[in-house]
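# Fold and contact review
Okay, here's what each chain looks like letter by letter:
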Amino acid sequence: MGDLLLVRHGETQWSLTGQHTSWTDIPLTENGREQAEGLAPLVGRFRIGAAFTSPLGRARQTAELAGFPDARVDADLSEWDYGAYEGVTTVEIHRTRPDWYLFRDGVAAGPTEHPGETPEQVGERADRMLAKVDAALANYESSVVLFAHSHFLRVLTARRLGLPASGGALFQLATGTVCRLSTEHGRPVVASWNIRP
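Residues numbered from 1 in each chain as written. Predicted model: local features only at pLDDT ≥ 70, side-chain atom pairs only at ≥ 80, totals over all residues. Heavy atoms only, no water.

### Quick look at the environment of Gly44
Relative to the assigned elements, Gly44 resides in helix H2 (residues 30–44). Overall, Gly44 belongs to the exposed group, its relative accessible area being 56%. A C-alpha to C-alpha distance of 8.3 Å links Gly44 and Gly67, two positions 23 residues apart in sequence. (Helix = DSSP H or I, 4+ residues; strand = E, 2+ residues; numbered from the N terminus. Buried < 20%, exposed > 50% of the residue type's maximum accessible area, 1.4 Å probe, protein only.)

Structure, rendered in structure tokens:
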């Protein structure tokens with residue numbers, strides 16, 4: 001069975017400023033585009049049987065620039081719905097909620113179309129995505145690559161390793177990087193993390 005490659009999209013203006021970005025479709029910066037292009041040789045080392053991307057432009061553009069223009073769009077790869085915290089930094093949230101921690105507390109309720117998600121709800125989406133990954137790994141007998149977002153991929157990693165969704169807190173994830181989840185003696189492991197070109 002192949003590996004699962006996780007690619008966080010390239011840099012955006014909001015990733016630079018630390019603003020929580022889920023549904024707001026912020027484009028890649030010039031540096032973010034260069035990061036994405038630099039990922040092509042890293043991912044190209046693997047025989048890829050299936051590629052999936054978040055529907056958001058920054059992930060889709062990263063997939064395209066990394067050499068996967070036909071990656072399948074899957075809404076389950078969308079970033080954590082930050083509800084009322086969309087566009088807000090952790091520093092700003094701490095002014096009114098000094099002990100707030102995303103992976104424990106989730107977010108404040110947002111507008112009807114973006115109410116926000118709990119860690120457990122993000123974990124349920126990650127589990128759905130992992131079921132699709134496992135089906136692709138079984139069908140293609142090669143690796144699978146996912147182009148998505150920091151907090152979602154961190155939760156997905158935790159779930160792959162058998163941890164609760166809150167375990168995503170353990171996996172800091174930089175923009176424009178590749179991570180590889182593999183197996184050792186039949187058990188899921190982190191084989192490499194935050195690899196840059």
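Moving on, there is more to tell.
### Things to note about the pairing of strand E6 (residues 187–195)
One ladder, built from six bridges, connects strand E5 (residues 178–184) with E6; its direction is antiparallel. Considered in E6, the bridge of Thr183 is made with Pro188. Connecting E5 to the next strand, E6, in antiparallel fashion are two residues, including His185 with a positive phi near 55°. (Pairing = 2+ DSSP bridges.)

### Some points on the layout of surface pockets
Of the volumes computed, that of the largest pocket is approximately 260 Å³. Arg8, Gln19, Tyr82, Ser150 and His151 are, among the 19 residues lining the largest pocket, the residues nearest its centre. Counting only elements with at least two residues in the lining of the largest pocket, the list comes to helix H1 (13–17) and helix H7 (150–160). Along the lines of polarity and charge, the residues of the lining of the largest pocket split into four nonpolar, 11 polar and four charged. (1 Å grid on protein atoms, 1.4 Å probe; cavity = no way out; pocket = protein on both sides within 12 Å on 5 of 7 lines; lining within 4 Å. Points joined across faces, edges and corners; volume = space filled by probe spheres on them. Nonpolar A, V, L, I, M, F, W, Y, C, P; charged D, E, K, R; others polar.)

### As for the packing of aromatic side chains
Counting across every chain of the model gives five aromatic pairs. Residues Trp80 and Phe103 carry aromatic rings whose centres are separated by 5.7 Å and whose planes lie at 85° to one another, so their mutual orientation is edge-to-face. Taken together, the positions of Trp80 in the loop between strand E3 (72–73) and helix H4 (90–96) and Phe103 in helix H5 (residues 102–105) put the pair 23 residues apart, joining distant regions of the chain. The buried category is assigned to Trp80, whose relative accessible area is 0%. Phe103 sits in the buried class, given a relative accessible area of 4%. Residues Tyr85 and Trp100 carry aromatic rings whose centres are separated by 5.3 Å and whose planes lie at 80° to one another, so their mutual orientation is edge-to-face. Linking Tyr85 in the loop between E3 and H4 with Trp100 in the loop between H4 and H5, this pair joins segments that are 15 residues apart in sequence. Residue Trp100 is classed as buried on the basis of its relative accessible area, which comes to 6%. Ring pairs connect the aromatic residues Trp80, Tyr101 and Phe103, which therefore count as one cluster. (Phe/Tyr/Trp six-rings, centres within 6.5 Å; stacked < 30°, edge-to-face > 60°.)

### Points about the side chain of Glu11
With respect to the helices and strands, Glu11 occurs in the loop between strand E1 (4–8) and H1. Nearest to the buried, unbridged Glu11 among oppositely charged side chains is Arg196, at 8.0 Å. Separated by 3.1 Å, the side chains of Glu11 and Asn31 make a polar contact. Excluding anything up to four places from it in sequence, Glu11 contacts Leu16, Pro27, Leu28, Thr29, Asn31, Gly32, Gln35 and Thr175. (Lys, Arg positive; Asp, Glu negative; His and termini not counted. Salt bridge = Lys/Arg side-chain N within 4 Å of Asp/Glu carboxyl O. Polar contact = N/O pair within 3.5 Å; in protein donor to acceptor, adjacent residues only side chain to side chain. Contact = heavy atoms within 4.5 Å.)

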